Amino acid sequence: MSDILVNVENLTKQYGKTLALDNVSFKIKKGSIVGLIGPNGAGKTTIMKAMGGLIFPTSGSIEMFGAKDEKGLNKARSRMSFMIETPYEKGNMTARENLEKQRIQKGIPDKNRVDEVLEFVKLADTGKKVVKNFSLGMRQRLGLANAILGKPELMVLDEPINGLDPEGIVEIREMLRTFNREEAVTLIISSHILSELSLLCTDYIFINHGQIKGVFTADELKEQCSEYYHIDTDNNEKASVILTNTCGIERVEVMEDGSIRIYDKLDEMKEISKALYDGGVIPVTLSRNEISLEDYYLRMVQDRQ
């Protein structure tokens, strides 16, 4: 049996003259946590809505759990849960009443399931407090409770940590990790909080202007977000030549401000500094840094627009 749960091929969605998705293709493996990364308006929510059957593609195909036709996709969606844009809730009802209503509507026979998920998302003690009086973090946890109510195999979550404080972000992150590890749930998470996704995801899909800009595993992305030395001297043009020709450094990058980044021979800075001095160049700044996920994404988008 294939370990590919989702296979999207050449997915295009056009609204009038606006091209929301432009030949988008990607695969989602069973057991993965996939970060769908892009700025607002990049096409993340449009992809999720198409997967959820909330919109119809202009062209292209979506295959989920081996099904591609509409009847098969509707059946596949019964094995999934979606939290897109705003979590479903009735503000004048308690958390338990909200979930009990959803349990009945979804045809879930286990009457104990509501109490299980309330305990899991730490809302079991909210009692008669109605949802309209919940904090944002509590509402997000209620949304997640609803999403796992039917024991899905695949969860699609749109900005589940948006607007949360640091403590709330950590809580949601740990819940998602538990879903993945203990409940064997595959996750697709859209977000623009890249630093948080870097602590959670096994795979990444970068999107901007409706186009896929890159697809990476966590290990592949780590290689791209490599360490480097930031070098600034009294003559960066000459320094660049010395670093390449004398020191034999292959990956030398000159930045817009004229400073230099080197990605090779990072443990040989004493020898490199000496070569610069011997070449008549005085280093002003030498600092070891690491390209963040945000930096890498911004550079990739700028390079590929």
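Residues numbered from 1 in each chain as written. Predicted model: local features only at pLDDT ≥ 70, side-chain atom pairs only at ≥ 80, totals over all residues. Heavy atoms only, no water.

What follows concerns the overall build of the protein. In terms of helices and strands, the protein carries 11 helices and 13 strands. Along the three orthogonal principal directions, the C-alpha set of the protein runs to about 80 × 45 × 40 Å. In the protein, the share of contacts with a sequence separation of at least 24, taken over all contacts with a separation of at least 6, comes to 67%. Accessible area of the protein: about 15,800 Å², with a carbon and sulfur share of 47%. Averaged over its 40 positive side-chain charges, the protein has a centre that lies 8 Å from the centre of its 46 negative ones. (Helix = DSSP H or I, 4+ residues; strand = E, 2+ residues; numbered from the N terminus. Contact = heavy atoms within 4.5 Å. Areas by Shrake-Rupley, 256 points an atom, 1.4 Å probe, with all protein chains shown as cover. Lys, Arg positive; Asp, Glu negative; His and termini not counted. Charge placed at Lys NZ, Arg CZ, Asp CG, Glu CD.)

Strand order across the open sheet formed by 4 strands is S11-S12-S10-S13, with antiparallel pairing between neighbours. If you trace the sheet from one side to the other, it starts and ends with strand S11 (252–254) and strand S13 (283–290), each paired once. Strand after strand, the sheet turns through a mean of 25° between neighbouring axes, direction not considered. Its contacts with the sheet place helix H10 (residues 269–278) against strand S10 (227–233), strand S12 (260–262) and S13, and it is angled at close to 150° to S13. (Pairing = 2+ DSSP bridges. Axes fitted to C-alpha atoms, helices over the stretch in contact; angles between N-to-C directions.)

Attention now moves to the packing of aromatic side chains. The description of an aromatic ring pair rests on the distance of the ring centres and on the angle between the ring planes. Scanning all chains against the criterion turns up 4 aromatic pairs. A ring pair is formed by tyrosine 204 and phenylalanine 206, whose centres lie 6.5 Å apart and whose planes are at 25°; its orientation type is stacked. Classification of phenylalanine 206 as buried rests on a relative accessible area of 0%. A centroid spacing of 5.8 Å and a plane angle of 50° characterise the contact between tyrosine 228 and tyrosine 263, whose relative ring orientation is tilted. Here tyrosine 228, found in strand S10, pairs with tyrosine 263, found in the loop between S12 and H10; they are 35 residues apart in sequence, far enough to count as distant. Given a relative accessible area of 7%, tyrosine 228 falls into the buried group. Under the relative-accessibility criterion, tyrosine 263 is labelled buried at 11%. Taken together, the ring pairs in this structure connect Tyr204, Phe206 and Phe216 into an aromatic cluster. Directly above the ring of tyrosine 15 sits lysine 13, whose terminal nitrogen or CZ lies 5.0 Å from the centroid. Its guanidinium or amino end placed over the ring of tyrosine 228, arginine 261 lies 4.2 Å from that ring's centre, counting from NZ or CZ. (Phe/Tyr/Trp six-rings, centres within 6.5 Å; stacked < 30°, edge-to-face > 60°. Buried < 20%, exposed > 50% of the residue type's maximum accessible area, 1.4 Å probe, protein only. Lys NZ or Arg CZ within 6 Å of the ring centre and 35° of its normal.)

Extensive coverage of strand S7 (residues 186–191) is indicated by the burial of 6 of its 6 residues. Here S7 shows a buried face lined by Thr186, Ile188 and Ser190 and a second buried face lined by Leu187, Ile189 and Ser191. Both strand S3 (residues 33–37) and S7 contribute to a ladder of 5 bridges, which runs parallel. Bridge pairing in S7 links isoleucine 37 to serine 191. Across 5 bridges, strand S6 (residues 154–158) lies against S7 in parallel orientation.

What follows covers helix H1 (residues 44–52). Most of H1 sits out of view: 7 of its 9 residues are buried. Count one or two residues on from H1 and you reach glycine 53, which has phi positive near 80°.

Attention now moves to the sheet that holds strand S5 (residues 80–83). Across the sheet, 6 strands lie side by side as S5-S6-S7-S3-S8-S9; this open sheet has mixed pairing. Looking at the sheet topology across the chains shown, the edges are occupied by S5 and strand S9 (211–217). Pairwise comparison of adjacent strand axes, ignoring direction, gives a mean angle of 15° for this sheet. Strand direction decides the pairing type here: S5 and S6, joined by 4 bridges, are parallel. Directly across from serine 81, in S6, lies its bridge partner methionine 155. Against the sheet, H1 contacts S3, S5, S6, S7 and strand S8 (203–208), and its axis sits at roughly 145° relative to S7.

With that out of the way, let us pick up the nonpolar core. What tends to happen in soluble globular proteins is that the nonpolar side chains get buried as a cluster. Counting residues in hydrophobic clusters, the biggest one holds 47 residues, and the most contacted among them are Leu144, Met155, Leu176 and Phe206. In terms of residue count, the dominant contributor to this core is helix H5 (residues 136–148) (6 residues). If sequence neighbours within four positions are ignored, methionine 155 has contacts with Ser81, Leu144, Ala147, Ile148, Phe179, Val185, Thr186, Leu187 and Ile188. Core analysis: the second largest hydrophobic core is formed by 28 residues, Leu21, Ala50, Ile84 and Val156 among them. (Core = buried A, V, L, I, M, F, W, Y, C linked by side-chain atoms within 4.5 Å.)

The next subject is unusual backbone geometry. Of note in this structure, asparagine 10 is not a glycine but carries a positive phi near 50°. Residue position: asparagine 10 is located in strand S1 (residues 4–15). For asparagine 10, a relative accessible area of 43% puts it in the partly exposed group. Positive phi is not limited to glycine here, since alanine 184 has a value of about 55°.

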